[in-house]
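Each chain, letter by letter, is given below.
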Amino acid sequence: MSSQNDFFVIKAKENGVNVIGLTRGSDTRFHHSEKLDKGEVMIAQFTEHTSAVKIRGKATIQTSHGTIDTEE
């Protein structure tokens, strides 16, 4: 499945942006967490273990589907 190889970019617009990975399977759970400071960039992708990502704080997310700002 090619969508599993897609990556996305998260750029923090403030200090303390939380990026939380959620698991695949019958029970969705948190499995990884990162904290980004203003200007930091994280490049990530969905994997066999990660089915969703939750972002808390002001950030810009770029995907193959477009760009999204968490708060405007």
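Details of the structure are given in the entry above.
Summary of the structure given here. (Residues numbered from 1 in each chain as written. Predicted model: local features only at pLDDT ≥ 70, side-chain atom pairs only at ≥ 80, totals over all residues. Heavy atoms only, no water.)

What follows is about the overall build of the protein chain. When helices and strands are counted, the protein chain shows zero helices and seven strands. Tracing the protein chain from N to C terminus, the helices and strands come up as β-β-β-β-β-β-β. For the protein chain, whose C-alpha radius of gyration is 12 Å, the value lies close to the compact-globule estimate of 11 Å for 72 residues. Taking the principal axes of its C-alpha atoms as reference, the protein chain extends roughly 35 × 25 × 20 Å. (Helix = DSSP H or I, 4+ residues; strand = E, 2+ residues; numbered from the N terminus. Rg over C-alpha atoms; globule rule 2.2 N^0.38 Å.)

What follows is about the pattern of salt bridges. Enumeration according to the criterion identifies one salt bridge in this entry. Ionic pairing is found between Asp-69 and Lys-13, a salt bridge with its closest N-O pair at 3.4 Å. One end of the pair, Asp-69, is in strand β7 (residues 66-69); the other, Lys-13, is in the loop between β1 (7-12) and β2 (17-23), and 56 residues separate them in sequence. (Salt bridge = Lys/Arg side-chain N within 4 Å of Asp/Glu carboxyl O.)

Turning to the packing of aromatic side chains, a few remarks are in order. Enumeration over the complete set of coordinates arrives at one aromatic pair. Ring plane angle 35° and centroid distance 5.0 Å describe the contact between Phe-8 and Phe-46, whose orientation is recorded as tilted. Taken together, the residues Phe-8 in strand β1 and Phe-46 in the loop between β4 (41-45) and β5 (50-56) connect sequence positions 38 residues apart. Residue Phe-46 is classed as partly exposed on the basis of its relative accessible area of 28%. (Phe/Tyr/Trp six-rings, centres within 6.5 Å; stacked < 30°, edge-to-face > 60°. Buried < 20%, exposed > 50% of the residue type's maximum accessible area, 1.4 Å probe, protein only.)

Overall, antiparallel pairing links the three strands, which are arranged β3-β2-β5 in an open sheet. The two strands at the open ends of the sheet, each matched to only one other strand, are β3 (30-36) and β5. Sheet twist, expressed as the mean angle between neighbouring strand axes with direction ignored, is 20°. The pairing of β2 with β3 spans six bridges and is classified as antiparallel. Across the sheet, the residue bridging to Val-17 is Leu-36, located in β3. (Pairing = 2+ DSSP bridges. Axes fitted to C-alpha atoms, helices over the stretch in contact; angles between N-to-C directions.)

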